[in-house]
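Below, each chain spelled out in residue letters.
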Amino acid sequence: MINPKITVIMGIYNCETTLEESLDSLLNQTFQDFEVIMCDDGSKDNTYEVAKRFLVNNPEKFVLLKNLQNMGLNHTLNRCLQCAKGMYIARMDGDDISLPTRFEIQLKFLKDNPNVEIVSTAMIYFDESGDWGISKPKIEPQPQDLIYGTPFAHAPCMVKREAYIAVNGYTVNRKLLRVEDYHLWTKMYSKGFRGYNIQQPLYKMRDDKNAAQRRSFKFRLNDSYVKYLIVKKLNLPFRNYFYILRPIVVGLLPQKLYIHLHKKKLAN
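Residues numbered from 1 in each chain as written. Predicted model: local features only at pLDDT ≥ 70, side-chain atom pairs only at ≥ 80, totals over all residues. Heavy atoms only, no water.

Chemist: Mind showing me how you'd approach the overall build of the protein chain here?
Modeler: For the protein chain, the helix and strand inventory stands at ten helices and nine strands. Expressed as a percentage of its 268 residues, the buried residues of the protein chain come to 51%. Contacts in the protein chain between residues far apart in sequence, at least 24 positions, make up 82% of those at least 6 positions apart. Of the roughly 13000 Å² that the protein chain leaves accessible, carbon and sulfur atoms contribute 53%. (Helix = DSSP H or I, 4+ residues; strand = E, 2+ residues; numbered from the N terminus. Buried < 20%, exposed > 50% of the residue type's maximum accessible area, 1.4 Å probe, protein only. Contact = heavy atoms within 4.5 Å. Areas by Shrake-Rupley, 256 points an atom, 1.4 Å probe, with all protein chains shown as cover.)

Chemist: Before we go on, may I ask you to explain helix α2 (residues 47-57) in this structure?
Modeler: For the α-helix, the turn length of 3.6 residues means that residues three or four positions removed from each other point alike. Within α2, burial applies to Thr47, Val50, Ala51 and Phe54. Angular distribution of buried residues about the axis of α2 spans 95 degrees; they occupy a single face of the element. In this structure, the buried residues of α2 make contact with β1 (6-12), α1 (19-27), β2 (34-40) and β3 (62-66). (Arc of directions from axis to C-beta.)

Chemist: What's the story with the pattern of salt bridges in this structure? I'm lost.
Modeler: Between side chains of opposite charge, pairing is possible as soon as their charged atoms come close. What the rule picks out here adds up to six salt bridges. Note that Lys108 and Asp112 form a salt bridge whose closest N and O atoms lie 2.6 Å from each other. Here the residue Lys108 and the residue Asp112 both occupy positions in helix α4 (residues 102-112), the gap between them amounting to four residues, near one helical turn. Residue Lys108 is classed as exposed on the basis of its relative accessible area of 52%. The class for Asp112 is partly exposed, based on a relative accessible area of 46%. Salt-bridge contacts for Asp131 lead to Lys204; the nearest nitrogen and oxygen are separated by 3.0 Å. Of this pair, Asp131 sits in strand β7 (residues 130-134) while Lys204 is found in strand β9 (residues 195-206), placing the two residues 73 residues apart along the sequence. (Salt bridge = Lys/Arg side-chain N within 4 Å of Asp/Glu carboxyl O.)

Chemist: Whenever I open this one, unusual backbone geometry confuses me. Can you help?
Modeler: Generally, phi is negative for residues other than glycine and the peptide bonds are trans, each holding for most cases. Even without a glycine there, the phi angle at Asn14 is positive, about 50 degrees. Structurally, Asn14 can be placed in the loop between β1 and α1. For Asn14, a relative accessible area of 35% translates into the label partly exposed.

Chemist: How should helix α7 (residues 217-233) be read in this particular structure?
Modeler: For α7, spanning 17 residues, the distance from its first C-alpha to its last is 24 Å, which sits close to the expected 24 Å at 1.5 Å a residue. Of all the positions in α7, only Phe219, Arg220, Asn222, Asp223, Ser224, Val226, Lys227, Leu229, Ile230 and Val231 are classed as buried. The positive-phi residue at the C-terminal boundary of α7 is Asn235, with phi of around 55 degrees. (Expected span 1.5 Å × (residues − 1).)

Chemist: Can you help me understand the packing of aromatic side chains in this one?
Modeler: When we look at a pair of aromatic rings, we describe it by the centre distance and by the angle of the planes. If you walk through the whole model with that rule in mind, you get ten aromatic pairs. Between the aromatic rings of Tyr125 and Trp132, the centroid separation amounts to 5.4 Å while the plane-to-plane angle is 25 degrees, which identifies the pairing as stacked. Judged on exposure class, the residue Tyr125 and its partner Trp132 are both buried. Arranged with centres 6.2 Å apart and planes meeting at 45 degrees, the rings of Phe152 and Tyr189 form a pair that is tilted. Of the two residues, Phe152 is situated in the loop between β7 and β8 (158-160) and Tyr189 in helix α6 (residues 180-190); the sequence distance between them amounts to 37 residues. Following the ring pairs from residue to residue traces out a cluster consisting of Tyr148, Phe242 and Tyr243. (Phe/Tyr/Trp six-rings, centres within 6.5 Å; stacked < 30°, edge-to-face > 60°.)

Chemist: Hey, could you run me through the packing of α6 against α7 in this one?
Modeler: Geometrically, a packed helix pair is captured by the angle between its two axes and the distance between the axes. Where α6 meets α7, the closest approach of the two axes is 10 Å, and the angle between their N-to-C directions is 5 degrees. Classified by the angle between their axes, α6 and α7 sit roughly parallel to one another. Taking contact as the criterion, the partners of Tyr182, His183, Thr186 and Ser190 in α6 are, on α7, Asp223, Val226, Lys227, Leu229, Ile230 and Lys233. Partitioned by chemical class, the residues of the contact of α6 with α7 number four nonpolar, three polar and three charged. (Axes fitted to C-alpha atoms, helices over the stretch in contact; angles between N-to-C directions. Parallel < 35°, antiparallel > 145°, perpendicular 65-115°, else oblique. Nonpolar A, V, L, I, M, F, W, Y, C, P; charged D, E, K, R; others polar.)

Chemist: Any chance you could explain the environment of Arg174 here in plain terms?
Modeler: With respect to the helices, strands and loops of the structure, Arg174 is situated in the loop between α5 (161-166) and α6. Given the relative accessible area of 64%, Arg174 is considered exposed. Here Arg174 is in contact with Lys218 and Asn222, once residues within four sequence places are set aside.

Chemist: Before we go on, may I ask you to explain the environment of Ile165 in this structure?
Modeler: Mapped onto the fold, Ile165 is located in helix α5. For the pair Ile165 and Met188, spaced 23 residues apart in sequence, the C-alpha separation works out to 10.0 Å.

Chemist: In this structure, what is going on with the pairing of β1? I would like to understand it.
Modeler: Looking down a regular strand, the side chains alternate between one sheet face and the other. In terms of burial, β1 is largely enclosed, as seven of its seven residues are buried. The two faces of β1 match: Ile6, Val8, Met10 and Ile12 on one face and Thr7, Ile9 and Gly11 on the other face are all buried. Taken together, the seven bridges between β1 and β2 define a ladder with parallel strand orientation. Looking at the pairing, Gly11 lines up with Cys39 of β2. (Pairing = 2+ DSSP bridges.)

What follows is the structure in structure tokens.
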């Protein structure tokens, strides 16, 4: 495909049981002028083989890369960006589902709003038992809002290509693992780019109710590190230093209490 309007970048890792459904959801989009750049990040299962079947059946739509070993999402997505041809860069995870009108609605919004470079959407949370919650993101996050947490869901986002170029993509740093998107928004906002959250859910995120348990204390430290950078880069008032410690404090809560609060927040 020559110069597609949208490039979808996907870091895929150990998602052989869900990847087919995810990629089918892209092929079922009402807007079809897109390419998908997939990079397998050293999977231990048959993820690469599942992706390769889609490449063989739809060579005009898919590009497949492979890391020789697990390199992390930031490195992997940068590899995808290097191959991207689209004016708009969309994300997708290999265990989620894009609803049919996602690309059509996001693209129209970015075209109609020249002062917005980032658009994400509300999400439906689901697991093996079905849908169980809907996110309620802030509509127009301002610089101050970044200190409270990542303002945009990464997986359903679509971003104008120039914003990625201006910040040189994702920063590859072990301190940013699991928070690479949070840091990306920080870099973009510090350059004057802005974003918007469509309140209509256009994406379904798989959350198996144990996801909260998998967030290690190390990644909470990474979250605190990004908050520190937010205060510095966005010149936020000194009082915001309090929020730098919040992920660490939350990480010290008893696991059962944290999981209960996490699920209650998402379900509401």
